[in-house]
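# An overview of the molecular structure
This is what each chain is made of:
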Amino acid sequence: MHPKRGLKYFAPYRRAVIAAGAEAVDLVPGTRALPAVDGLLLPGGWDVDPSFYGEVRDDKVLETDPELDETEISLFHQAREREVPVLGICRGQQVINVAMGGTLVQHLEGHEVRELGRSHLAHAIEVDPSSELGRAAGEHKLRVNSLHHQAIKRLGEGLQQSARGEDGTVEGVETDDGLIVAVQCHPEELTVDMPWARVLFERFVARAREHRQNQ
């Protein structure tokens with residue numbers, strides 16, 4: 001987590017994880033070694049610094065935190081090496097993509113609509129029914145909350161697109177082994193009202209539980 005954000009910002013993620021039957025563990029920027037966790041959730045937050053994907057910073061990039069970027073990218077690689085399941089949300093999806101060699105759209109117009117509320121369903125996405133997100137949703141089209149101004153440009157190596165926005169935005173990615181699942185929207189804000197969002201967390205926790213049993 002980012003100390004400037006504080007516990008309040010991350011409360012919805014914690015509630016969603018706990019409601020799905022897991023214990024939430026906070027990892028702060030500067031954490032070097034991934035502890036003995038069964039799953040890694042990469043949450044929303046600041047823009048990823050463009051230096052991490054080899055681009056010059058656009059003047060529309062907002063606040064960045066290279067220490068946070070370094071921490072989350074490192075913890076992601078450690079999770080990948082240990083076959084720990086990963087769930088990425090918004091910035092988390094972007095961090096995963098950058099960590100796997102992809103790039104980002106540094107500024108995307110029209111997707112930052114948090115003034116309408118964090119649960120406002122801003123637009124529809126098309127979901128691959130065979131993907132993990134598709135299995136969680138049980139349908140091929142969803143309406144999602146949209147609280148971002150960056151998105152995936154070039155997919156990282158090994159990632160498959162699982163959902164697409166009406167304007168072509170990459171709205172979900174995952175790996176073939178199912179251990180990495182990420183979405184561009186904010187399901188942690190929708191778990192009470194949208195069954196698919198709750199099931200997405202439940203399936204993540206189930207993968208984490210399976211990882212523990214296999215150790």
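Residues numbered from 1 in each chain as written. Predicted model: local features only at pLDDT ≥ 70, side-chain atom pairs only at ≥ 80, totals over all residues. Heavy atoms only, no water.

## A short note on the nonpolar core
- Counting residues in each nonpolar core, the largest one holds 27 residues, and the members touching the most others are Ile 89, Leu 133, Leu 142, Trp 196, Leu 200 and Phe 201.
- Here this core gets six residues from one element, more than from any other, and that element is helix 5 (residues 195–214).
- Setting aside residues up to four positions removed in sequence, Phe 201 forms contacts with Ala 16, Val 17, Ala 20, Leu 41, Leu 87, Ile 89, Pro 187, Glu 188 and Thr 191.
- Counting 25 residues, the second-largest nonpolar core is a separate cluster that includes Leu 27, Ala 79, Val 95 and Ala 99. (Core = buried A, V, L, I, M, F, W, Y, C linked by side-chain atoms within 4.5 Å. Buried < 20%, exposed > 50% of the residue type's maximum accessible area, 1.4 Å probe, protein only. Helix = DSSP H or I, 4+ residues; strand = E, 2+ residues; numbered from the N terminus. Contact = heavy atoms within 4.5 Å.)

## Concerning the sheet that holds strand 9 (residues 180–183)
- Strands sit in the order 1-2-9-8-7-4-5 across an open sheet of seven strands; the sheet is mixed. Either end of the sheet is taken by a strand with one partner, and the two such strands are strand 1 (40–42) and strand 5 (141–145). Ignoring which end each strand starts from, the neighbouring axes of this sheet average 20 degrees apart.
- Judged from the three bridges that link them, strand 8 (residues 170–174) and strand 9 form a sheet pairing that is antiparallel. Bridging across to strand 9, Gly 172 finds its partner in Val 183.
- Docked against the sheet, helix 3 (residues 91–99) engages strand 1, strand 2 (86–89), strand 8 and strand 9, running at close to 120 degrees with respect to strand 2. (Pairing = 2+ DSSP bridges. Axes fitted to C-alpha atoms, helices over the stretch in contact; angles between N-to-C directions.)

## Details of the pairing of strand 9
- Because side chains alternate across strand 9, one face comprises the buried residues Ile 180 and Ala 182, and the other comprises Val 181 and Val 183, equally buried.
- In this structure, the hairpin formed by strand 8 and strand 9 is closed by a connection of five residues, where Gly 178 is found at a positive phi of approximately 75 degrees.

## A closer look at the environment of Asp 65
- Turning to its location among the elements, Asp 65 is positioned in the loop between strand 1 and helix 2 (66–81).
- You can call Asp 65 buried: its relative accessible area is 15%.
- Along the sequence, Asp 65 and Gly 45 sit 20 residues apart, while their C-alpha atoms lie 9.8 Å from each other.

## Quick notes on the pattern of salt bridges
- The full count for this structure, using the stated rule, is 13 salt bridges.
- For Arg 91, the salt bridge is made with Asp 69, and the minimal N-O distance between the two is 2.8 Å. Separated by 22 residues along the polypeptide, Arg 91 in helix 3 and Asp 69 in helix 2 bring together distant segments of the chain. Each member of the pair, Arg 91 as well as Asp 69, is classed as buried.
- Across the pair Lys 141 and Glu 126 runs a salt bridge whose closest N-O atoms are separated by 3.3 Å. On the criterion of sequence distance, the pair formed by Lys 141 in strand 5 and Glu 126 in strand 4 (residues 121–127) is long-range, its members being 15 residues apart.
- A relative accessible area of 43% means that Lys 141 is categorised as partly exposed. (Salt bridge = Lys/Arg side-chain N within 4 Å of Asp/Glu carboxyl O.)

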